[in-house]
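Close look at the chain arrangement
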Amino acid sequence: MSHESMLQTLSEKEIKLRIDACPKLGSLQSINKMLSDLLRSNTSSNAHIAEVIRRDPSLSVRLLRVINSVYLGLSTRTNSIEEAVFYLGLRQIHELSMATPILEELEGLQRSRPNLPWKALWRHSIATAAVTREILRPTCSNSDDDTSYLVGLLHNIGKVVMAYAFPEELRVVMAMSARNPEAACAFERSIIGWDHAQIGEHFLSRHHLAEEICVAVRYHNQPASAPRHQIFAAAVQVADQFVRHQGIEGAFEKVAPIEEDAWENLEGWDILFGAEGAESETARASLKLTMRQFAASSPGLL
């Protein structure tokens with residue numbers, strides 16, 4: 001009997017219980033060191049510090065949770081990392097980054113799940129974040145808002161939660177092959193009951209992330225189904241497949257290579273640019289330029 005046939009799809013109650021028991025996520029060691037060096041420097045700007053924090057999904061979540069908590073008294077929610085750095089100040093940012101035993105958490109995870117491709121997952125997430133931000137740059141009215149970056153950075157956070165909460169099921173998922181990311185999600189649902197997108201949305205909503213971020217994570221493979229904030233989910237879908245085409249895989253699953261220009265057939269592309277016309281051609285040229293720029297800079301991301 002196969003391992004897959006021995007597993008039974010979990011109930012929604014059991015899925016939520018497992019996700020809710022998931023511990024805090026550790027930060028990447030290289031990013032944590034870079035942040036510490038910046039915080040100790042007398043010449044570091046808020047912009048430099050914010051850029052380093054944006055590369056770290058765990059620290060980004062924790063920082064926004066703190067800045068949007070009631071005791072800070074802000075009248076409106078912010079998704080801006082740089083604004084959060086400004087409000088909290090360097091001392092509190094340093095305390096926040098040091099409060100969680102970052103290296104111990106990461107080392108503990110690697111010991112318990114030593115064969116998982118963590119670096120590949122974060123590299124894909126950072127690449128997707130960068131491309132998502134470029135896709136949405138012409139449409140985002142608030143250039144200081146980090147939402148367009150965060151939705152790309154966090155779109156696969158559900159896979160990290162799967163490693164903690166559904167290790168047996170993840171082993172089965174990683175052994176399968178899929179023709180595209182949507183098929184991979186369908187397989188996850190057949191094994192667990194939820195796919196990594198829904199798992200990620202539930203995890204982030206419990207950490208009080210903004211609705212547009214949670215919705216984008218939940219629907220990044222099916223943006224037309226998003227009840228709100230379709231533009232964010234659409235941009236992540238396009239960016240995800242564009243990055244995969246460049247050979248920066250999503251990790252944790254085997255997905256067939258993405259053909260060039262395949263992203264133009266996605267529902268996300270239609271939501272963003274329309275099926276035909278000059279706007280679509282301009283967007284295509286802009287995306288290719290973005291990826292050429294990313295290919296030149298990506299070795300320094302991790």
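Scroll up a little and you will see the structure.
Here the structure is a predicted model, which is why all the values come from computation and not from measurement.

A few words on the side chain of Glu253. One can find Glu253 in the loop between α15 (230-245) and β2 (254-255). Of note is the side chain of Glu253, whose polar atom sits 3.4 Å from the side chain of Arg244. Not counting chain neighbours up to four residues away, the residues in contact with Glu253 comprise Lys159, Ala184 and Arg244.

The next subject is α15. Its 16 residues give α15 an end-to-end C-alpha distance of 23 Å, which sits within 8% of 22 Å, the value for a rise of 1.5 Å per residue. Where burial is concerned, most of α15 is hidden: 13 out of the 16 residues are buried.

What follows concerns helix α10 (residues 157-165). Burial of α10 is extensive: eight of the nine residues sit out of reach of the surface. Among all positions in α10, only Ile157, Gly158, Lys159, Val160, Val161, Met162, Ala163 and Ala165 are buried.

Once that is clear, we can look at the nonpolar core. Soluble globular proteins tend to bury their nonpolar side chains together. Among the nonpolar cores identified, the biggest contains 83 residues, and Ile53, Ile135, Phe166 and Leu204 are the most heavily contacted of them. The element contributing the most residues to this core is helix α8 (residues 118-136), with nine residues. Leaving out residues up to four positions away in the same chain, Leu204 has contacts with Val61, Leu154, Ile157, Leu209, Ile213, Cys214 and Val217.

Running from N to C, helix α11 (residues 167-175) and helix α12 (residues 181-191) point in directions that differ by 145 degrees, and their axes come no closer than 10 Å. Where α11 crosses over α12, the handedness of that crossing is right-handed. Judged by residue contacts, Glu169, Val172 and Val173 of α11 engage Phe187, Glu188 and Ile191 from α12. Its residues placed into classes, the contact of α11 with α12 shows four nonpolar, no polar and two charged.

Attention now moves to the pattern of salt bridges. One pass over the full model with this rule turns up 14 salt bridges. Arg189 is the partner of Asp195 in a salt bridge, and the nearest nitrogen-oxygen pair spans 2.6 Å. Judged by its relative accessible area of 4%, Asp195 falls in the buried class. The salt bridge partner of Glu253 is Arg244, with a shortest N-O separation of 3.4 Å. Glu253 gets classed as buried once you look at its relative accessible area, which sits at 11%. It is possible to trace a salt-bridge network through shared partners that takes in Lys159, Asp240, Arg244, Glu249 and Glu253.

Tracing the chain through its elements places Met174 in helix α11. Sequence separation between Met174 and Phe252 is 78 residues; the distance between their C-alpha atoms is 5.2 Å. Among all residues touching Met174, those that are not within four sequence positions of it are Leu116, Pro117, Phe252 and Lys254.

Rules and cut-offs
- Residues numbered from 1 in each chain as written.
- Predicted model: local features only at pLDDT ≥ 70, side-chain atom pairs only at ≥ 80, totals over all residues.
- Heavy atoms only, no water.
- Helix = DSSP H or I, 4+ residues; strand = E, 2+ residues; numbered from the N terminus.
- Polar contact = N/O pair within 3.5 Å; in protein donor to acceptor, adjacent residues only side chain to side chain.
- Contact = heavy atoms within 4.5 Å.
- Expected span 1.5 Å × (residues − 1).
- Buried < 20%, exposed > 50% of the residue type's maximum accessible area, 1.4 Å probe, protein only.
- Core = buried A, V, L, I, M, F, W, Y, C linked by side-chain atoms within 4.5 Å.
- Axes fitted to C-alpha atoms, helices over the stretch in contact; angles between N-to-C directions.
- Left-handed = near helix turned anticlockwise from the far one by under 90°.
- Nonpolar A, V, L, I, M, F, W, Y, C, P; charged D, E, K, R; others polar.
- Salt bridge = Lys/Arg side-chain N within 4 Å of Asp/Glu carboxyl O.

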